[in-house]
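# What the coordinates show
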Amino acid sequence: MITALERAHVLDAALESAHRDADFSLIEGLRVPLLAALLRARGTASALLAVTATSREAQAVLDALHCYAPDATVLELPAWETLPHERLSPSAETVGRRLHALRAAKQWDRAAPFVLVASVRSALQPLAPGLADLEPLELRAGGRGYDLAALAGRLVEIAYTRVDLVTRRGEFAVRGGILDVFPPAAEHPLRAEFFGDELEALRAFSVADQRSLPETVGHAELGPARELLLTDAVRQRAAEMQSEFPTLQQMLAKIAEGIPVEGMESLAPALLDRLVPLTDYLPPDAAIAVLGPERVATRALHLGETNREFLDAAWSAATAGAQAPIDLGAGDFLSVNGLRTAAGDRTWWTFSPFDAGDEEGIRVDAEPVPAFAGRAEGAADHVVELLRDGWTVAVATAGTGLVERAADVLAGREAAGRPVETFPADPEPGVAYLVKGALEAGFELPEARFAVLSEAEFYGRTAGVDSRQVKRLASRRRNVVDPLQLRPGDIVVHQTHGIGRFVELVKREVASGERTARGPLGTSVTTAKVEREYLVLEYAPSKRGMPGDRLFVPMDQLDLLTRYVGGEAPTLSKMGGSDWAAAKGRARKAVRDIAVELVKLYSARMASVGHAFGPDTPWQRELEEAFPFVETPDQLQTIDEVKADMQRPIPMDRLISGDVGYGKTEVAVRAAFKAVQEGKQVAMLVPTTLLVRQHMETFAERFAGFPVHLRALSRFQTDKEAKDTIAGLASGEVDVVIGTHRLLSDGIRFKDLGLVIIDEEQRFGVEHKDALKKLKTNVDILAMSATPIPRTLEMAVTGIREMSTLATPPEDRHPILTYVGAYNDKTVAAAVRRELLREGQVFFVHNRVSSINRVAAQLAELVPEARIAVAHGQLSEHVLEQVIVDFWERRFDVLVTTTIIETGIDIANANTLIIDRADKYGLSQLHQIRGRVGRGRERAYAYFLYDDDKPLSETATDRLETIAANNELGGGMQIALKDLEIRGAGNLLGGEQSGHIAGVGFDLYLRMIGEAVSAFRGDVVEGQTELRLELPVDAHLPEDYIESERLRLEAYQKLSTAAAATSADDAIDAVLEELRDRYGEPPEQVANLIDVSRLRRRAQKAGLSDVVAMGGNLRIAPAELPDSSRCGCSGSTRGRGCSGRRRR
Amino acid sequence: MRLQRLYPGARLFGQAKALSVPLPKDLEDAALVAWVGDLLDAIFPIPVPATEPVE
């Protein structure tokens, strides 16, 4: 395309400045083409730094450069999510990408042009020197000469953290000869198996279940995980500073010992000799282009100010108000002029949309593509007109499906649209070339009769709304690693004995039958004792005043044990008492009722007849290909399931559960579209007016260009609009309606309703139950819910209630940066300002209605420029809805609110959350509220603040620590998530269950449901005998095989579950394979343990309760052999008996 | 008792519904587990549930 532009001589004047400083003025759509042309004019061995005002712009420029300069190496230098003076560390992933870009700049071999795109934020931030010289560690499958211990040492040096279970970037774990490591820039962590000094195998593995992924990796580079490395010099400097700054002592002491601390990067200016500007990393002849110099300058100014504010807020507090405690000035952002000075005599261009009018500026004449806002057809008509006038047109769209669709649209107007791989150097006039590519914007050159249209312009979408980004394909969810991490005092449930308290894990020697001279390969071991591990549980005392009874649970019975979740402080059961049996009995009865209800609903549905939709049409494919994201595997599967359901004559009743942002709406969009194509109507029922607005927007955008009549119905529509919609529904003119409970009111008739989509059904009141039921009769139903459904429950009701779970998050969602600290006006003001700086919004949670207005007023004083709204539950519903919708429409910057935002609010632009008195909230609540931010593509911040004057209770400290760690696999977090699952189960099963859940614990309750449902299906015998199996065999997981206690417990539990009679036949094999994968080849004891587990399963299937070695005998009970079986077995027994004897 | 032939010394306690079989001597751990497995297969065949296919 650049060739075509060059031939048109439009850029001739501009290209004369390829080797000297220049200020260009031109429209936005032409700046990347000019950049590409300038790069070409400078020759292949040219390098360039492009500076944009925002990171979003940087991304757009990056995409467009791929399109206009396909042979160049184009990399982004992402900015830290944090500010240099903020006491938070940037994520390892960002660091990884930055270091990769810097290294690439250094190693550039001049074979192809090289472009680094940086937002002003990353361009102006001073860097530690020598980052590009850090050689990453290299792992090569089959390579030799590795020393695992030394490797681990090196990893610590380049700032990796050693853990027992790798879940985050920048962590590593060593077990035996296995190294697990998660490189900062990698998509998946790696597992390297060493044998001696040889690296035998290198594979990627998945974080969720810690299992290897099928594809092998030949070679991997482990780059540093941080930009501040704890070298000897840094550690020594930290040690020296300790005495000078007592308030920072904790942090400095750790650094001095070589332990990375959260937020230590903010000390870099003091710990390092010097920081260098980005230009130090650029080739000496690289050109620098500033895109939008006016905006870049403003942002640079704001950045500097906010950063300073953080310096004041964080550090003056930390150093108790001392003036200029440490000189961290070197960490300040450079000014744009500073960067220019640092650039030396490198070529410096600016690209401004404004015409400065002076002599020196170079103007490039071009027209922007006219806007056809609201008229999707407008752009197509415009293109046809241009083509008739003999213009050459290029239309760039990001997906193949959209290219085809564009060809169809043009063909429909009898114009020539030609899909091409690359734009020809010699284009024909009167032809529209359709290419794949993502452009910022298009342009028109009337003199050259040449026009380029971006996808947004051609399809009439509002620019900026389209947040296209290629998402990496997330791996499918499998079993999640859930280490049974027990701390003394934790409450657990034993299926037989009830609720007890975990005391400790002990090893005991147990007598295990008389054995002599046993041992591998004839070694003579004459001990009759075997070491076993037990969990000790405490129960209520059998006599008042006495210490509690104790129960020793052997490891092979761990499957009977679950952690208690369900109520606050349950009473411990009495061993052998009747309370537990009674509680279990009550729960079992309730569960049975639920199961009956489920089965009844199921059979009623199976007996009714609905509409069977046909297979997908070409339009359906076009719509699906226009989806601007890569579907997650979960999404694809769910969509297939939904379509299959719709194509059956039995009415669909499927529940989709998945967190907000995981892609439920897209499933709904596709299902609705499928229904509409057969002339059926679709009703989508949502609980709030905000959701009506949000879904309306999504649906309208996705259906753009297709003849679908879409209407909204909520209290925000005028009477006339509502009347039209209702009339349209009755006449069949409206295809899809999205509405609140107004859809359930009398007088609403559908001509031919085919699909009902219900979002968050549990949030509709009882008064709507009947209307809902009527609406749901004999049509396909798709229910959606954001509360998680427990996996075990999902499996239990499979086949009775269809369910799909969207559990794969869109992978490039950043974890939320969480700051925990004392409340401080300056911190709050700085946090709000930073968010305003990027045009975002802030939630400020204060959970007291009585003082909420005062807090809002205070905040208004702190940040006078912010527009502040207040929302709480005591406002009338109408006012509240208005406030929330206004906030979503960005009429306010800060929403001071109570916890009513906890559920169902999805505002992608709000990315800072401040919680006042965070110590007053429960863990699950904090987690839930924090989930309100971080939904967009911006990095989100959460501030959990507590009152400095009041002492913090130990549990509150614990909670805040857990939430700050932000690790979903952490012990406490699992429990918090379970709290949510309880709600999810409630939504699915309905009815009053909380009492029973509190009585027996959530896990056991779910297990009971599973048993009850399968009992109805007649699958498995209900209940389970407790088996005592004790053999004089050395069978356990030794500590040198699995070092960490919680992981050992996890393995025992998995094995014990797999050994249950009800488990799948290959469950034990699966566990063995997993052990081999995660910990290496099992030693003999483990192999024995596996064999014993198989035996256990075998014995349980035979209904035995005792297989115990006593003295020199093996005692088996119950041994009830009916005569027939005695005779029956005699024949076969002989042969087997003989083989048994032969072995002796 | 035919059991006696296969597992000499084995005794069935009718009252306690228990079976007692002498453990073989000099077996390695793995072999011992296998021996118990064989014993179970021989004397306690898995009851066949109505709905499940025979294993």
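Residues numbered from 1 in each chain as written. Chains lettered and ligands numbered in written order. Predicted model: local features only at pLDDT ≥ 70, side-chain atom pairs only at ≥ 80, totals over all residues. Heavy atoms only, no water.

## Points about the overall build of chain B
The criterion, for reference: A run of H or I in DSSP becomes a helix once it reaches four residues, and a run of E becomes a strand once it reaches two; helices and strands are each numbered from the N terminus. Working definition: with a 1.4 Å probe on protein chains only, accessible area under 20% of the residue-type maximum means buried, over 50% means exposed, and in between means partly exposed. Pairs of residues are marked as contacts when any of their non-hydrogen atoms sit within 4.5 Å. Each accessible area value is a Shrake-Rupley result obtained with a 1.4 Å probe; residue values ignore everything except the protein chains displayed when judging cover.
Counting its regular elements, chain B contains two helices and two strands. Looking at chain B as a whole, 42% of its 55 residues are labelled buried. Across chain B, contacts joining residues at least 24 apart in sequence account for 24% of those joining residues at least 6 apart. Element-wise, carbon and sulfur atoms account for 55% of the exposed surface of chain B, whose accessible area totals about 3000 Å².

## Description of the sheet that holds strand 2 (residues 47–52) of chain A
Residues and elements named next belong to chain A. Here is the rule: Two strands are counted as paired when DSSP detects at least two bridges linking them.
Pairing is parallel in the open sheet, where seven strands are placed in the order 3-4-2-13-14-1-15. Among the strands making up the open sheet, the edge pair consists of strand 3 (73–77) and strand 15 (362–363). In the sheet, strand 2 pairs with strand 4 (residues 114–119) via six bridges, with the strands oriented parallel. By the bridge assignment, Ala47 is partnered in strand 4 with Phe114.

## Some details on the pairing of strand 4 of chain A
Residue and element names in this part refer to chain A. Counted only if it meets this: The handedness of a crossover follows from its direction of travel: if, with the strands pointing away from the viewer, the path from the first strand over the helix to the second runs clockwise, the crossover is right-handed.
Here strand 4 lies mainly inside the structure; six of its six residues are buried. Burial along strand 4 is two-sided: the face carrying Phe114, Leu116 and Ala118 and the face carrying Val115, Val117 and Ser119 are both buried. Running through helix 5 (residues 92–107), the crossover from strand 3 to the neighbouring parallel element strand 4 is right-handed.

## Some details on the confidence of the model for chain B
The criterion, for reference: As a per-residue quantity, pLDDT reports the predictor's confidence and falls between 0 and 100.
Of all residues in chain B, 71% attain a pLDDT of 70 or more, and the chain-wide mean is 70. Of the regions scoring below 50 in pLDDT, residues 49–55 of chain B engages in four contacts with residues more than four places distant in sequence or in other chains.

## Let's talk about helix 7 (residues 148–157) of chain A
Residue and element names in this part refer to chain A. Spelled out, the test is: The arc under discussion is defined with respect to the helix axis, by the directions toward the C-beta atoms. Side-chain atoms alone can form a polar contact between residues adjacent in sequence; in general such a contact is a pair of N or O atoms within 3.5 Å, and within protein one must be able to donate a hydrogen while the other accepts it.
Within helix 7 the residues assigned to the buried category are Leu148, Leu151, Ala152 and Leu155. For helix 7, the angular spread of the buried residues around the axis is 100°, confining them to a single face. Residues of helix 7 that are buried make contact with strand 5 (137–140), strand 6 (161–162), strand 7 (171–175), strand 8 (178–181), strand 9 (190–195) and strand 12 (219–222). The N-capping residue of helix 7, defined by a side-chain oxygen 3.2 Å from the backbone nitrogen of Ala149, is Asp147. Immediately downstream of helix 7, the backbone of Ala159 shows phi near 70°, a positive value.

## Some words on the packing of helix 17 (residues 618–625) of chain A against helix 19 (residues 664–677) of chain A
Residues and elements named next belong to chain A. Rule in force here: Angles here are taken between N-to-C directions and fall from 0 to 180 degrees, while the axes themselves are lines fitted to C-alpha atoms, restricted in helices to the stretch in contact. For classification purposes, an angle smaller than 35 degrees is called roughly parallel, one larger than 145 roughly antiparallel, one from 65 to 115 roughly perpendicular, and anything else oblique. For any helix crossing, the convention is left-handed if the near helix is rotated counterclockwise from the far helix by under a right angle, and right-handed if that rotation is clockwise. All amino acids are sorted into three groups, where Ala, Val, Leu, Ile, Met, Phe, Trp, Tyr, Cys and Pro are nonpolar, Asp, Glu, Lys and Arg are charged, and the leftover types, Gly among them, are polar.
In the contact formed by helix 17 and helix 19, the axes pass within 10 Å of each other and the chain directions differ by 160°. As far as their axial angle goes, helix 19 and helix 17 are roughly antiparallel. Crossing geometry of helix 17 relative to helix 19 is assigned as right-handed. From helix 17, Trp619, Gln620, Leu623 and Glu624 reach across to helix 19, where they touch Val669, Arg670, Phe673, Lys674 and Gln677. Taken together, the residues that form the contact of helix 17 with helix 19 break down as four nonpolar, two polar and three charged.

## A closer look at the side chain of Lys643(A)
One can find Lys643(A) in helix 18 (residues 633–646). What Lys643(A) contacts, discounting residues up to four positions off in sequence, is Asp616(A), Gln620(A), Glu624(A) and Lys674(A).

## As for the packing of aromatic side chains
Residues and elements named next belong to chain A. Let me state the cut-off plainly: Think of it this way: a Phe, Tyr or Trp ring, Trp meaning its six-membered ring, pairs with another when their centres are within 6.5 Å, and the plane angle makes it stacked under 30 degrees, edge-to-face over 60, tilted otherwise. Think of it as a cone above the ring: NZ of Lys or CZ of Arg counts as a charge over the ring if it is within 6 Å of the ring centre and within 35 degrees of the ring normal.
Per the counting criterion, the structure on display carries 13 aromatic pairs over all chains. Judged by centre distance (5.6 Å) and plane angle (65°), the rings of Tyr146 and Phe194 are edge-to-face. Of this pair, Tyr146 sits in the loop between strand 5 and helix 7 while Phe194 is found in strand 9, placing the two residues 48 residues apart along the sequence. Across the pair, exposure class does not vary: Tyr146 and Phe194 are buried alike. Seen in terms of ring centroids, Phe423 and Tyr433 are 5.2 Å apart; in terms of plane orientation they differ by 70°. Their pairing is edge-to-face. Within this pair, whereas Phe423 is found in the loop between strand 17 (417–419) and strand 18 (432–436), its partner Tyr433 is found in strand 18, the two being separated by 10 residues in sequence. An identical accessibility class is assigned to Phe423 and Tyr433; each is buried. Directly above the aromatic system of Phe205 lies the positively charged group of Arg191, at a separation of 4.2 Å from the ring centroid. Of note, Arg670 hangs over the ring of Phe627, and the distance from its end group to the ring centre comes to 5.1 Å.

## Structural notes on the nonpolar core
Nonpolar side chains in soluble globular proteins tend to be buried together. Residue and element names in this part refer to chain A. We count it as follows: By convention a nonpolar core is built from buried Ala, Val, Leu, Ile, Met, Phe, Trp, Tyr and Cys residues, the set being connected through side-chain atoms within 4.5 Å. For the domain bounds, the source is a domain assignment made automatically or taken from a database.
With 79 residues, the main nonpolar core has Leu102, Ile255 and Ile914 as its most contacted residues. A total of seven residues in this core trace back to one element, the largest contributor, which is helix 24 (residues 825–837). Each of domain 1 (2–131 + 273–363) and domain 5 (817–982) contributes no fewer than three residues to this core. Excluding residues within four positions of it along the chain, Ile255 makes contact with Leu230, Val234, Arg235, Ala238, Val261, Met264, Leu267 and Leu271.

## Considering unusual backbone geometry
Residues and elements named next belong to chain A. The phi dihedral of Arg110 is positive, around 65°, even though this residue is not glycine. The topology assignment puts Arg110 in the loop between helix 5 and strand 4. The phi torsion at Ala159 lies on the positive side, around 70°, for a residue other than glycine. Among the structural elements, Ala159 can be located in the loop between helix 7 and strand 6. Assessed through its relative accessible area of 6%, Ala159 is described here as buried.

## Digging into the confidence of the model for chain A
Residue and element names in this part refer to chain A. Summary statistics for chain A give a mean pLDDT of 79 and a share of 86% for residues scoring 70 or more. Within chain A, strand 29 (residues 736–739) carries the highest mean pLDDT (94), whereas helix 35 (residues 1123–1143) carries the lowest (39). Below a pLDDT of 50 lies the segment residues 317–324, which in the model reaches eight contacts outside its immediate sequence neighbourhood of four places, other chains included. Contacts of residues 462–481 to residues separated by more than four positions or lying in other chains number 58 contacts, the stretch itself having pLDDT below 50.

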